[in-house]
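Residue-level listing of the chains:
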Amino acid sequence: MFDVRKGAIVVVWLKALLLVGASISFALGVSLPLMRFESFYVFSTDASLIEVIVSLYADGDGLLALLVGLVSIGFPLIKLLLLAAENIAGEVQPGQGLLTRLVPVLSKWSMMDVLLVAIVIFATKTSGLAQAFTQPGLWFYAGSSLAVAALSGLNAGRVAQKT
């Protein structure tokens, strides 16, 4: 027979593991190189998300740097913090509170950066001018997005069961 208390303990540990894993993966994802560009098999460039934002700002594209920083780092970080607060707070009434209303809005931006980097890599490879290769930062960033999505799903399942 299935023990409900053991199932609840497993869910709590799974949420804790997802939250810690998402946090570590997010930190590594924004600081490690996302992609590597090689042109003429001699010149190569690695770029992390933070380096891209700093470079945009240094080149005079402050508005673009702000936009990329908000969508790439700001929104995912806020979502991660809100999910942590939601899980620490415990019982959440369905549809009430800032947390339960804001997390779904931020969820819409979760995988956008991973998709954009994939498009850039595809465009670079098909142009013939350079080669582009994925780097560990992209995989950590994607892993963080997936862990946050799984955590959101577990929380949504919990709220749906209470109604």
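Structure's up top.
Residues numbered from 1 in each chain as written. Predicted model: local features only at pLDDT ≥ 70, side-chain atom pairs only at ≥ 80, totals over all residues. Heavy atoms only, no water.

S.K.: Can you break down the side chain of Ser-25 residue by residue, with the values?
M.R.: Position of Ser-25 relative to the elements: it lies in helix H1 (residues 4-31). Taking the relative accessible area as the measure of exposure, Ser-25 reaches 15% and is therefore buried. Among all residues touching Ser-25, those that are not within four sequence positions of it are Phe-140, Tyr-141, Gly-143 and Ser-144. (Helix = DSSP H or I, 4+ residues; strand = E, 2+ residues; numbered from the N terminus. Buried < 20%, exposed > 50% of the residue type's maximum accessible area, 1.4 Å probe, protein only. Contact = heavy atoms within 4.5 Å.)

S.K.: Can you lay out the environment of Ser-31 for me, pointing to particular residues and giving the numbers?
M.R.: Within the secondary structure, Ser-31 sits in helix H1. By relative accessible area, which is 40% here, Ser-31 ends up partly exposed. Separated by 110 residues in sequence, Ser-31 and Tyr-141 place their C-alpha atoms 9.6 Å apart. Look past the residues within four positions of Ser-31 in its chain and what remains in contact with it is Ser-48 and Ile-50. Polar side-chain contacts of Ser-31 include one of 2.8 Å to the backbone oxygen of Ala-27. (Polar contact = N/O pair within 3.5 Å; in protein donor to acceptor, adjacent residues only side chain to side chain.)

S.K.: An account of the environment of Leu-80 is needed here, citing residue identities and associated values.
M.R.: Turning to its location among the elements, Leu-80 is positioned in helix H3 (residues 62-89). Each C-alpha atom of the pair Leu-80 and Ser-144 lies 9.3 Å from the other, and the pair is 64 residues apart in sequence. The contact partners of Leu-80, leaving out residues within four places of it in the chain, are Leu-19, Ala-22, Ser-23, Phe-26 and Val-148.

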